[in-house]
Amino acid sequence: MSVIETEPEATLITELEAAVRSGSSEIRVNKLRQVTSLFLAGSGSLTDEQVKVFDDVLCRLMVRIETQALAELGRCLAPVDNAPAETIKRLAWNEAIAVAGPVLTGSKRLSTVDLTEIAQVRGQAHLAAISRRESLETAVTDVLVERGDQQVLHTLARNTGARFSDTGYAALVEKADGDDMLSEAVGSRRDIPVRLLRDLLARATEAVKARLLALIPPAQREQLTQILLNISTTIGGASKDTRYANAERAIQSLQSAGRLNDTTIHDFAVAGQMPQVIVGIAVLTSSKIDVIAEILTGVRNDAVLVPCKAAGLGWATVEAILCNRLQGQPVAPEVINLAKNDYDRLSVATAQKTLRFLQVRATVN
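What you are looking at is a predicted structure, and each value in this text was computed from that prediction instead of being measured.

Calculation rules
- Residues numbered from 1 in each chain as written.
- Predicted model: local features only at pLDDT ≥ 70, side-chain atom pairs only at ≥ 80, totals over all residues.
- Heavy atoms only, no water.
- Salt bridge = Lys/Arg side-chain N within 4 Å of Asp/Glu carboxyl O.
- Helix = DSSP H or I, 4+ residues; strand = E, 2+ residues; numbered from the N terminus.
- Core = buried A, V, L, I, M, F, W, Y, C linked by side-chain atoms within 4.5 Å.
- Buried < 20%, exposed > 50% of the residue type's maximum accessible area, 1.4 Å probe, protein only.
- Contact = heavy atoms within 4.5 Å.
- pLDDT = per-residue confidence, 0-100.
- Axes fitted to C-alpha atoms, helices over the stretch in contact; angles between N-to-C directions.
- Parallel < 35°, antiparallel > 145°, perpendicular 65-115°, else oblique.
- Nonpolar A, V, L, I, M, F, W, Y, C, P; charged D, E, K, R; others polar.
- Left-handed = near helix turned anticlockwise from the far one by under 90°.

Novice: Got a minute to help me understand the pattern of salt bridges in this structure?
Specialist: Pairs may arise between side chains of opposite charge once their charged atoms sit close together. One pass over the full model with this rule turns up 10 salt bridges. Here Asp344 and Lys340 are joined by a salt bridge, their closest N and O atoms 3.2 Å apart. Of the two residues, Asp344 and Lys340 are both situated in helix α22 (residues 333–345); the distance of four residues between them amounts to about one turn of the helix.

Below, the structure written as structure tokens:
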């Protein structure tokens, strides 16, 4: 005789009704534990229909049950492959992380859709629990990368069972900027696309680069060494350009004094001191001088707006740059008006992302 047959569905439902009607929380909790124990004892031999019976019983008993008892239920059911699906889902949606955490991390009964929906609305503790799952699909990691805090991102980057879309990986690399631990975790992943690894390494500290070389398997080490060599060569070539030597000294002095800002860039632009403008914007946006120089001395006025917006410059300063960047080539008023409309619509985030792309492209080329 199977375990389920020792307490048929009719008996379970009868006792359930009595427990639900009871005003005693203790009675409901005791019945919840009894039903849970009965399920666990026979879970390996239960049919789908029998599991559904338990699911219905447990869901009805969970009403008005305190957090401690629900957390206990979650810990018991999380490792069970055929755990009652609706019960698991309700536990996962619970606002208390003590209840939701175990099933969010360990239950195989939660689908990618379930996890994605929960990740879109719940807090960081819930996202952290999801990020520790044995495997994660790209739809889930996309949301975790977008909404997760540093703890979530670090856990996710170290999770070898997590899979990332190109968009998710690009966002993860972007968020690793300035975070050595995250840069190291992302850079050591075997599935990171080469183009994004270049982007990450171009901005990584020397300490991160050294640790990555020590951490990665020998088969990947040669590729990483070559990428680092290419980046070093590109940066080294730029540093030999002496056209901006005086401007660099002036800008470094202003930065040290805490006076490198919109006002000083505006003054340089009005005076026609474009080397200082170029170096100043490069410093404000953490960009390479040659990348900013190519944009500000090029023929496209619309391209000039990107580094200016990324640097947070006001329109008066941008207008001064547009009017003075190409000596002997005045800019028509209608062009200025069009540029102002475009500048107002351009967001700082979009400008920064575009500028980073331009830098990566320059590094690769």
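Novice: Please clarify how the nonpolar core should be interpreted in this entry.
Specialist: As a rule of thumb, soluble globular proteins bury nonpolar side chains together. Leu77, Leu91, Leu104, Ile130, Leu144 and Val186 are the most contacted members of the largest nonpolar core, which totals 63 residues. When residues of this core are assigned to their parent elements, the largest contribution, six residues, is made by helix α3 (residues 48–61). Other than its neighbours up to four places away in sequence, Leu91 contacts Met62, Leu70, Leu73, Gly74, Leu77, Val99, Ala100 and Val103. Met274, Val279, Ile295 and Ala310 belong to the second-largest nonpolar core, a separate cluster that totals 37 residues.

Novice: I would appreciate a short explanation of helix α9 (residues 138–147) in the present structure.
Specialist: Since one α-helical turn is 3.6 residues long, residues separated by three or four positions face the same way. Residues of α9 that are buried: Val140, Thr141, Val143, Leu144 and Val145. Looking at the buried positions of α9, the neighbouring elements they touch are α7 (112–121), α8 (124–131), α10 (150–158) and α11 (166–175).

Novice: I'm lost on unusual backbone geometry in this one. Help?
Specialist: The general pattern is negative phi for most residues beyond glycine and trans for most peptide bonds. One non-glycine residue, Ser286, adopts positive backbone phi at about 55°. Counting through the fold element by element, Ser286 comes out in the loop between α18 (274–284) and α19 (289–296). On the accessibility criterion, Ser286 (65% relative accessible area) is exposed.

Novice: I tried to follow the confidence of the model for the protein chain on my own but got confused; where do I start?
Specialist: It should be kept in mind that the predicted coordinates are not to be read in detail where pLDDT is low. Model confidence for the protein chain is summarised by a mean pLDDT of 84, while 84% of its residues fall at 70 or above. Of all the helices and strands in the protein chain, helix α1 (residues 9–21) carries the lowest mean pLDDT, 55, while α8 carries the highest, 98. Confidence drops under a pLDDT of 50 for residues 233–240, and excluding neighbours within four residues, the segment shows four contacts in the predicted structure.

Novice: Could you clarify how one ought to interpret the environment of Phe357 in this entry?
Specialist: By the element assignment, Phe357 lies in helix α23 (residues 348–364). Among the residues examined, Phe357 registers a relative accessible area of 51% and is labelled exposed. C-alpha of Phe357 to C-alpha of Asp199: the two residues are 158 residues apart in sequence and 8.5 Å apart in space.

Novice: Explanation requested: the packing of α19 against helix α20 (residues 301–310) in the structure shown.
Specialist: Two numbers describe a pair of packed helices, the interaxial angle and the distance between the axes. Remark: α19 packs on α20, axes separated minimally by 8 Å, with the N-to-C direction vectors making an angle of 140°. Regarding the angle of α19 to α20, the classification is oblique. Side by side, α19 and α20 meet where Ile292, Ile295 and Leu296 of the first sit next to Ala303, Val304 and Pro307 of the second. Looking at the contact of α19 with α20, its residues break down into six nonpolar, no polar and no charged.

Novice: Just to check I follow, could you spell out the packing of helix α6 (residues 97–106) against α8 for this structure?
Specialist: Across the interface, α6 lies against α8 with an axial gap of 8 Å and an inter-helix angle of 25°. One element, α6, and the other, α8, form an angle in the roughly parallel class. Of the two possible hands of crossing, α6 and α8 adopt the one that is right-handed. Of the residues in α8, those in contact with Ile97, Ala100, Gly101, Leu104 and Thr105 of α6 are Ala125, His126, Ala129 and Ile130.

Novice: Would you explain the environment of Glu137 in this entry?
Specialist: Inspection of the secondary structure puts Glu137 in the loop between α8 and α9. The exposure class of Glu137 is partly exposed, given its relative accessible area of 46%. Those residues in contact with Glu137 that sit more than four places away from it in its chain are Thr112 and Arg163.

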